[in-house]
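In case you want the letters, here they are:
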Amino acid sequence: MTNSPKDRKALATASRMKDLEHKIHALEVDLGSAVEIAYLRGATEWVRINYPSHYKRLHMRFDSCAA
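What you are looking at is a predicted structure, and each value in this text was computed from that prediction instead of being measured. (Residues numbered from 1 in each chain as written. Predicted model: local features only at pLDDT ≥ 70, side-chain atom pairs only at ≥ 80, totals over all residues. Heavy atoms only, no water.)

Chemist: A description of the overall build of the chain should follow, citing residues and the corresponding values.
Modeler: Along the backbone of the chain there are three helices and zero strands. What you see in the chain, going N to C, is helices and strands ordered as α-α-α. For 67 residues, the compact-globule estimate of 2.2 N^0.38 gives 11 Å, and the chain exceeds it by more than 25% at 20 Å. Expressed as a percentage of its 67 residues, the buried residues of the chain come to 13%. (Helix = DSSP H or I, 4+ residues; strand = E, 2+ residues; numbered from the N terminus. Rg over C-alpha atoms; globule rule 2.2 N^0.38 Å. Buried < 20%, exposed > 50% of the residue type's maximum accessible area, 1.4 Å probe, protein only.)

Chemist: Please give an account of the pattern of salt bridges that cites residues and values.
Modeler: A side chain of one charge can pair with a side chain of the opposite charge when the charged atoms of the two come close. By the definition in use, this model includes two salt bridges. Among the salt bridges present, the one from Arg-61 reaches Glu-36, with a minimum N-O distance of 3.3 Å. You can see Arg-61 sitting in helix α3 (residues 52-63) and its partner Glu-36 sitting in helix α1 (residues 5-40), a full 25 residues away along the chain. The shortest N-O distance in the salt bridge between Arg-48 and Glu-45 comes to 2.4 Å. One end of the pair is Arg-48 and the other is Glu-45, both in helix α2 (residues 44-50) and three residues apart, which spans about a single turn. (Salt bridge = Lys/Arg side-chain N within 4 Å of Asp/Glu carboxyl O.)

Chemist: Go over the confidence of the model for the chain, please, and point to the residues and values.
Modeler: Per-chain confidence: the chain averages 92 in pLDDT, with 91% of residues scoring 70 or above. Model confidence for the chain, summarised as mean pLDDT per element, is weakest for α3 at 94 and strongest for α2 at 97. (pLDDT = per-residue confidence, 0-100.)

Chemist: Describe the packing of aromatic side chains, listing the residues and the values that go with them.
Modeler: Enumeration according to the criterion identifies three aromatic pairs in this entry. Joined through ring pairs, the aromatic side chains of Tyr-39, Tyr-55 and Phe-62 make up one cluster. (Phe/Tyr/Trp six-rings, centres within 6.5 Å; stacked < 30°, edge-to-face > 60°.)

Dropping the structure here:
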């Protein structure tokens, strides 16, 4: 591989993309944790309306044994 400006730019772009992917993943994990806390503190309707996929998962995890 040559060390041309084009190659350096491509490597820098790939590095930025990887950093952004890590940030997005971390934000998704934080969001999931916040939604779970809201659900457990009684905001089940809010979670159901705003995060239906999270609601289904949380309902199955925490409420299915109560049924």
